[in-house]
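# Breakdown of the fold
Next come the chains, spelled out residue by residue.
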Amino acid sequence: MKHKRHLLVLDPIAFFGGSKLATENILRQLDGGNIQVTLLTVDRQSWSWRQLRCRSLFEVPFLARQTHGIPYFIRHVLIAIQLIITRYKTTPFDVALGASGPGVDFALYLAKPFLGYQIIQLVHGNVACSRTIGRCLLLADEIHYLESTKESLLSALRKFSRGRSISPTHLRVMQNGLLDSAWPSRCQMVRPVILWAASLMPWKRIDLFIDALSLLDEAERCETHICFIRPKNTPSAHYQPFASDTLHWHESPNNIDSLRAQANIFVSTSHQEPFGLSILEAMAAGHCVLIPTDGAYWDRQLVNGLNCIKYPANDACALSRTVAALTKNMPLVRSLGLAAAKKAQQYQAANCYAPLKNSLLGISHITPPKSAIDQELAR
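Please read these numbers as outputs of a predicted model, since none were measured by experiment.

## Some thoughts on the packing of helix 5 (residues 131–139) against helix 6 (residues 150–161)
At a minimum axis separation of 7 Å, helix 5 and helix 6 run at an interaxial angle of 100°. The angle between helix 5 and helix 6 falls in the class roughly perpendicular. Here Arg 131, Ile 133, Gly 134, Arg 135, Leu 137 and Leu 138 of helix 5 lie close against helix 6, whose contacting residues are Leu 153, Ala 156, Leu 157, Lys 159 and Phe 160. Looking at the contact of helix 5 with helix 6 residue by residue, the class counts come to seven nonpolar, one polar and three charged.

This is how it looks when you write it as structure tokens:
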């Protein structure tokens, strides 16, 4: 009988976010007949794919908030013990997927000598510049990283090497994508409706969005929907809400596709967004997207006035003026939304995740050319 490959996925993050959505999109690419997937998670509600075998991960609340020092190591030792227990309750793991970054998935590296699996590490955001992180990056069998995280990876690797020559060849640039089966519904283009959708983590800058809206006269405010996720074990952003008949709040809505289809202007206020799946989803729905000029991924990929509108980063006044002008110009909203939807077609999950899918399935493939990180470290 052919061996069924066993994949372990670790999820120690206590709330839903873009990295989890990207990970589930990746897992849905796998052939359920050739691989079984065990998910050890602290948040079962964030996952909907039925082929996942979910097991609960226990976390001590105090330790779950630790990001460095002895408490951080104790936290991940406890998670590693649970990984070992999970293995003996199931079958041996062939490969483990770190779904966020080596700092979050550190327990996988602690348990690897005992369980003997391969580690495929995803990097969805900048990593800390530490020798521990650099060592993890070298211990992983493959690293698939967003291009925007390159400099942080380089810093961590150089911190660990301390001037010694290292030439890793296991780093691959990754680009997130959307599933055809879950492609966002096309939005309405009759009247202007604004959508803001993100977590309440401080760097998502909901305070900037609220400030911009508060600067508008009541007559200038069109219907606006704020869809937010409240982070756990992490401080939320501080903002000053105001009363308005046109402003609607939705906490962790399960009808996000319907709410997105009702709108047609998507506003991002995130600071240095590593990728921005919510922006891509809005583009795919045909929204006119407003993004800050901060050098982040979509700022480099989109062109102001062609397939998006840009505003000066961290400038509530400029954002307010931009929103006011755009809501009075539906022809521009339509044309930019159509251009954004066309751009989004380049981000099909089947194409974006094909190399990663092959790695998870253990399918041999031609070694890709060296990444920019490999080339810079080899100099």
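## Some points on a nonpolar patch on the surface
A contiguous nonpolar surface patch, about 830 Å² in accessible area, is contributed by Phe 58, Val 60, Phe 62, Ile 70, Ile 74, Val 77, Leu 78, Ile 81 and Ile 85. Examined against the element boundaries, Ile 81 turns out to sit in helix 3 (residues 69–89). By relative accessible area, Ile 81 is classed as partly exposed at 42%.

## Quick look at the packing of aromatic side chains
Within the structure shown, the criterion is met by 10 aromatic pairs. A ring pair is formed by Phe 228 and Trp 249, whose centres lie 5.9 Å apart and whose planes are at 75°; its orientation type is edge-to-face. Placement of Phe 228 in strand 9 (residues 224–229) and of Trp 249 in strand 10 (residues 247–251) is noted, with a sequence separation of 21 residues between them. For Phe 228, a relative accessible area of 6% corresponds to the buried category. Positioned above the aromatic ring of Tyr 88, the side-chain terminus of Arg 87 is 4.4 Å from the ring centre.

## What to know about the sheet that holds strand 3 (residues 52–56)
In space, the seven strands of this open sheet follow the order 3-2-1-4-5-6-7, with parallel pairing throughout. Each edge of the open sheet carries a strand with a single partner, namely strand 3 and strand 7 (171–174). The sheet shows a mean angle of 20° between the axes of neighbouring strands, taken without regard to direction. Note: strand 6 (residues 142–146) against strand 7, four bridges, orientation parallel. By the bridge assignment for strand 7, Ile 143 is matched with Leu 171.

## Regarding the nonpolar core
Counting 49 residues, the largest nonpolar core has Leu 7, Leu 27 and Trp 298 as its most contacted members. Leaving out residues up to four positions away in the same chain, Leu 27 has contacts with Leu 7, Val 9, Val 37, Trp 47, Trp 49, Leu 52 and Leu 97.

## Observations regarding the packing of helix 3 against helix 4 (residues 106–115)
At a closest axis distance of 8 Å, the pairing of helix 3 and helix 4 adopts a crossing angle of 45°. Relative to helix 4, helix 3 is oriented oblique. Classified by chirality, the crossing of helix 4 by helix 3 is right-handed. Mapping the contact onto sequence places Tyr 72, Phe 73, His 76, Val 77, Ile 79, Ala 80, Leu 83, Ile 84 and Arg 87 in helix 3 and Phe 106, Ala 107, Leu 108, Leu 110, Ala 111, Phe 114 and Leu 115 in helix 4.

## Details of the pattern of salt bridges
Summed over all chains, the structure comprises 16 salt bridges. Of the charged contacts in the structure, one is a salt bridge between Arg 260 and Asp 257, with a shortest N-O distance of 3.2 Å. Of this pair, Arg 260 and Asp 257 both sit in helix 8 (residues 256–262), separated by three residues, roughly a single helical turn. Arg 260 gets classed as buried once you look at its relative accessible area, which sits at 7%. Asp 257 gets classed as partly exposed once you look at its relative accessible area, which sits at 27%. Among the charged side chains, a salt-bridge network with shared partners connects Asp 11, Lys 20 and Asp 43.

The rules behind the values
- Residues numbered from 1 in each chain as written.
- Predicted model: local features only at pLDDT ≥ 70, side-chain atom pairs only at ≥ 80, totals over all residues.
- Heavy atoms only, no water.
- Axes fitted to C-alpha atoms, helices over the stretch in contact; angles between N-to-C directions.
- Helix = DSSP H or I, 4+ residues; strand = E, 2+ residues; numbered from the N terminus.
- Parallel < 35°, antiparallel > 145°, perpendicular 65-115°, else oblique.
- Contact = heavy atoms within 4.5 Å.
- Nonpolar A, V, L, I, M, F, W, Y, C, P; charged D, E, K, R; others polar.
- Patch = residues over 30% accessible without salt bridge, like charges linked within 9 Å, V, L, I, M, F, W, Y side chains within 5 Å.
- Areas by Shrake-Rupley, 256 points an atom, 1.4 Å probe, with all protein chains shown as cover.
- Salt bridge = Lys/Arg side-chain N within 4 Å of Asp/Glu carboxyl O.
- Buried < 20%, exposed > 50% of the residue type's maximum accessible area, 1.4 Å probe, protein only.
- Phe/Tyr/Trp six-rings, centres within 6.5 Å; stacked < 30°, edge-to-face > 60°.
- Lys NZ or Arg CZ within 6 Å of the ring centre and 35° of its normal.
- Pairing = 2+ DSSP bridges.
- Core = buried A, V, L, I, M, F, W, Y, C linked by side-chain atoms within 4.5 Å.
- Left-handed = near helix turned anticlockwise from the far one by under 90°.

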